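# A closer look at the structure
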Amino acid sequence: MEKEVIGLSGSGSAMDAFEKLEKVGEGTYGKVYRAREKATGKIVALKKTRLHEDDEGVPPTTLREVSILRMLSRDPHVVKLMDVKQGLNKEGYTVLYLVFEYMDTDLKKFIRTFRSTSQNIPSNIVKSLMYQLCKGVAFCHGHGILHRDLKPHNLLMDRKTMMLKIADLGLARAFTVPLKKYTHEILTLWYRAPEVLLGATHYSTAVDMWSVACIFAELVTNQALFPGDSELQQLLHIFRLLGTPNEERWPGVSKLVNWHEYPQWSPQSLSKAVPDLDEDGLDLLSQMLQYEPSKRISAKKAMEHPYFDDLNKAGL
């Protein structure tokens, strides 16, 4: 690819220049490049985001989100936001460049490498990744921040150290105007909590814990736990495994805006869906997959679960 040098003005030194090396992704909110910081030679991930067209300068909501991202990136399990630059694109619109540390892979790719060789991810690695995920999520929740879109694709990893970091935090709220719909990737529903699918307007940190559960099962089996291709299909996948919810199991469920009469299924054993998980792991998974959001285990409590007792937590 042709190399492009961009000089950006903004915070930090006035004219830090980055050399774009290659486009590594395109999300709902902009393009992501692997780039080299010219002054230091350091490789970074550069996320380019266009702002609302009708705003003079950078909207305060965006500044707030950026400051939240900066604060959260003190945690080792949240991808580090190193700098923010402001610039103008060819059409004269304001663009922000968010400069993140560069990570060489993500959990989606990591799982795919095992799936392609029909091998399971070793259970001690699953445990370490899950602990790191719970730790990062607990940190965010402790600061009152929900992620709302946790999935393997936005959990970044360092292959050498097996360090896991949460990415794409808060962007959905900061940049409310998607540039365009995903072209190559359907917005996935696989990790979405049932209360969100059923149209709950007020939701809590429990939505992230549902996503964590789905990621946990996928790490063990290399397959998505609930691979629905529509909101209805997604709910039916969940109901088939966990049983169709009712007022007794989940008080208030029938008042949710998208609630209909659904086929009646009885709960199946989780060990059928996730056969290679030990008893402690299944217990933790079931506590994360409670229908009633207030009954779902918190990230902080999950870290204390016996499943993690034999994990060497030093350095995690």
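Residues numbered from 1 in each chain as written. Predicted model: local features only at pLDDT ≥ 70, side-chain atom pairs only at ≥ 80, totals over all residues. Heavy atoms only, no water.

### Observations concerning unusual backbone geometry
In this structure, Arg 148 is a non-glycine residue whose phi angle is positive, near 75°. Inspection of the secondary structure puts Arg 148 in the loop between helix H3 (123–142) and strand E8 (155–158). Positioned with a positive phi, Met 162 is a non-glycine residue whose angle comes to about 60°. Summarising the element assignment, Met 162 is placed in the loop between E8 and strand E9 (163–166). What makes Met 162 partly exposed here is its relative accessible area of 22%. (Helix = DSSP H or I, 4+ residues; strand = E, 2+ residues; numbered from the N terminus. Buried < 20%, exposed > 50% of the residue type's maximum accessible area, 1.4 Å probe, protein only.)

### What to know about the packing of helix H6 (residues 206–221) against helix H9 (residues 279–288)
Taken N-terminus to C-terminus, the directions of H6 and H9 make an angle of 145°; their axes are 8 Å apart at the nearest point. Once H6 is placed against H9, the crossing between them reads as left-handed. The residues of H9 that touch H6, namely those facing Met 209, Trp 210, Val 212, Ala 213, Phe 216 and Ala 217, are Gly 281, Leu 284, Leu 285 and Met 288. Split by residue class, the contact of H6 with H9 holds 9 nonpolar, 1 polar and no charged. (Axes fitted to C-alpha atoms, helices over the stretch in contact; angles between N-to-C directions. Left-handed = near helix turned anticlockwise from the far one by under 90°. Contact = heavy atoms within 4.5 Å. Nonpolar A, V, L, I, M, F, W, Y, C, P; charged D, E, K, R; others polar.)

### So, the pattern of salt bridges
Taken as a whole and assessed by the stated rule, the structure comprises 11 salt bridges. With a closest N to O distance of 3.6 Å, Asp 83 and Arg 70 form a salt bridge. Residue Asp 83 is located in strand E5 (residues 81–88), and its partner Arg 70 is located in helix H1 (residues 60–72); the two are separated by 13 residues in the primary sequence. Note that Asp 83 is salt-bridged to Lys 85, the shortest N-O span being 3.0 Å. Considered together, Asp 83 and Lys 85 belong to a single accessibility category, that of buried residues. A single salt-bridge network, built from bridges that share partners, covers Arg 70, Asp 83 and Lys 85. (Salt bridge = Lys/Arg side-chain N within 4 Å of Asp/Glu carboxyl O.)

### Things to note about a negative patch on the surface
A contiguous patch of negative charge on the surface is contributed by Asp 278, Glu 279, Asp 280, Asp 283 and Asp 309. On the secondary structure map, Asp 280 appears in helix H9. With a relative accessible area of 35%, Asp 280 lands in the partly exposed category. (Patch = residues over 30% accessible without salt bridge, like charges linked within 9 Å, V, L, I, M, F, W, Y side chains within 5 Å. Areas by Shrake-Rupley, 256 points an atom, 1.4 Å probe, with all protein chains shown as cover. Lys, Arg positive; Asp, Glu negative; His and termini not counted. Charge placed at Lys NZ, Arg CZ, Asp CG, Glu CD.)

### A closer look at the side chain of His 141
Relative to the helices and strands, His 141 resides in helix H3. Setting aside its immediate chain neighbours within four residues, His 141 contacts Leu 146, Thr 205 and Asp 208.

### Some thoughts on the pairing of E5
Sheet topology places E5 next to strand E6 (residues 94–101); 7 bridges connect them, and they run antiparallel. Considered in E6, the bridge of Leu 81 is made with Phe 100. (Pairing = 2+ DSSP bridges.)

### A short note on the UniProt feature "binding site: ATP" (unreviewed entry) in the chain
In this structure's numbering, the residues bearing the UniProt feature "binding site: ATP" (unreviewed entry) are Lys 47. Along the polypeptide, Lys 47 turns up in strand E4 (residues 43–50). (UniProt positions renumbered as here; feature names shortened; annotations may be inferred.)

### Remarks on the packing of aromatic side chains
In the structure shown here, the tally under the stated rule is 11 aromatic pairs. Considering the side-chain rings of Phe 239 and Tyr 262, the 5.1 Å spacing of their centres and the 75° angle between planes classify their relative orientation as edge-to-face. Here Tyr 262 lies in the loop between helix H7 (231–242) and helix H8 (270–273) and Phe 239 lies in helix H7, a separation of 23 residues in the sequence. We classify Phe 239 as buried; its relative accessible area is 0%. Aromatic ring contacts, followed pair by pair, group Phe 239, Trp 250, Trp 259, Tyr 262 and Tyr 291 into a single cluster. Taking the ring centre of Tyr 33 as reference, the NZ or CZ of Lys 20 above it sits at 4.0 Å. A cation over an aromatic ring shows up here: Lys 127 above the ring of Tyr 307, its NZ or CZ 4.5 Å from the ring centre. (Phe/Tyr/Trp six-rings, centres within 6.5 Å; stacked < 30°, edge-to-face > 60°. Lys NZ or Arg CZ within 6 Å of the ring centre and 35° of its normal.)

### What about the environment of Leu 107?
Turning to its location among the elements, Leu 107 is positioned in helix H2 (residues 107–116). Accessibility expressed as a relative area gives 1% for Leu 107, which makes it buried. In sequence terms Leu 107 and Asn 154 are 47 residues apart; their C-alpha atoms lie 7.6 Å from each other. Contacts of Leu 107, omitting those with residues within four sequence positions, involve Leu 129, Pro 152, Leu 155, Met 157, Leu 164, Ile 215 and Leu 219.

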